[in-house]
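Structural characterization, general
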Amino acid sequence: MLAYAPASAVAGDGSLSVDISSAAGVSLGNRRIALLGESINRNTVALQPGWNLLGNASAATLSVQSLFGEPAQPIAGVTGRIRSVWQWSNTAGRWKFYSPQLSAADNAAYATAHDLLVLDAIAPREGYWVQTDAALAFPMPDRKSTRLNSIHITISYAVFCLK
């Protein structure tokens, strides 16, 4: 369930709830939203086959190669199960891409051929999509030193569903 509560609401409690479990796609335009949830107090998160949305909850910028590996330096139980990692760049207005199945040169060539940027780092509080071939317990980076508040979240493009 996604809830949106504008500060200038005039009717009811001012909230809009959208059940995104069955929606084909949801777009809130360019608005600030507050997300409520529970802390994840685990060292891993269960990724399912297909697309998974994750976020960097640590205070440090994460190296994509260190998280997902590469052909020359695979991470046991991770690299072979990850097809690709994607992140939207608001600044460039296009997607960033990384595949642990490709070398650095092949990632760059793929990105160039498809008008993408190469994803090499994930800054604190940024989200990213992970496409997997199989379920896996993904190791979570250190997340002790940051706090996510509604002021950190801005919806800047439409959320879509891939079928």
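Just above, that's the structure.
In this report, the structure presented in the accompanying data block is examined. (Residues numbered from 1 in each chain as written. Predicted model: local features only at pLDDT ≥ 70, side-chain atom pairs only at ≥ 80, totals over all residues. Heavy atoms only, no water.)

Details of the overall build of the protein
A tally of helices and strands in the protein yields two helices and 13 strands. Counting over 163 residues, the protein shows a buried share of 28%. Long-range contacts, defined as pairs at least 24 residues apart, comprise 68% of the intrachain contacts of the protein with a sequence gap of at least 6. Summing over all exposed atoms, the protein offers an accessible surface of approximately 10300 Å²; the carbon and sulfur share of this is 53%. (Helix = DSSP H or I, 4+ residues; strand = E, 2+ residues; numbered from the N terminus. Buried < 20%, exposed > 50% of the residue type's maximum accessible area, 1.4 Å probe, protein only. Contact = heavy atoms within 4.5 Å. Areas by Shrake-Rupley, 256 points an atom, 1.4 Å probe, with all protein chains shown as cover.)

With respect to the pattern of salt bridges
Evaluation of the coordinates by the stated rule reveals two salt bridges. Measuring nitrogen to oxygen at the nearest pair gives 2.8 Å for the salt bridge that ties Asp115 to Arg94. Taken together, the residues Asp115 in the loop between α2 (104-113) and β9 (117-118) and Arg94 in strand β8 (residues 94-98) connect sequence positions 21 residues apart. Given the relative accessible area of 54%, Asp115 is considered exposed. A residue is classified by how much of its surface remains accessible, and Arg94, at 27% relative accessible area, is partly exposed. (Salt bridge = Lys/Arg side-chain N within 4 Å of Asp/Glu carboxyl O.)

Comments concerning the nonpolar core
Counting 18 residues, the largest nonpolar core has Leu47, Phe68, Ile82, Val85, Tyr128, Val130 and Phe138 as its most contacted members. Elements with a contribution of two residues or more to this core: β4 (44-47), α1 (64-68), β7 (82-89), β11 (127-132) and β12 (136-139). For this core, the element with the most residues is α1, which contributes three residues. Setting aside its immediate chain neighbours within four residues, Ile82 contacts Leu47, Phe68, Pro100, Gln101, Val130, Gln131, Thr132 and Leu136. By size, the runner-up hydrophobic cluster in this structure holds five residues, among which are Trp86, Trp95, Phe97 and Ala111. (Core = buried A, V, L, I, M, F, W, Y, C linked by side-chain atoms within 4.5 Å.)

Digging into the sheet that holds β7
Ordered in space as β5-β11-β7-β8-β9, the five strands form an open sheet in which the pairing is mixed. The strands lining the two open edges of the sheet, one partner per strand, are β5 (50-55) and β9. Relative to β8, β7 runs antiparallel, the two sharing five bridges. Pairing of Val85 across the sheet is with Tyr98, part of β8. (Pairing = 2+ DSSP bridges.)

Section: the packing of aromatic side chains
Per the counting criterion, the structure on display carries six aromatic pairs. Here Phe68 and Tyr128 contribute two aromatic rings whose centre-to-centre distance is 6.3 Å and whose plane-to-plane angle is 80°, an arrangement assigned as edge-to-face. Here the residue Phe68 occupies a position in helix α1, and Tyr128 occupies one in strand β11, the gap between them amounting to 60 residues. Like Tyr128, Phe68 is buried. (Phe/Tyr/Trp six-rings, centres within 6.5 Å; stacked < 30°, edge-to-face > 60°.)

Quick notes on the pairing of β8
Linking two consecutive strands that pair antiparallel, namely β7 and β8, is a turn of four residues; a positive phi of about 70° is found at Gly93 within it. For β8 and β9, the ladder comprises two bridges, and the chain directions are parallel. Bridging from a neighbouring strand, Phe97 pairs with Val118 of β9. The handedness of the β8 to β9 crossover, carried by α2, is right-handed. (Right-handed = clockwise from strand over helix to strand, strands pointing away.)

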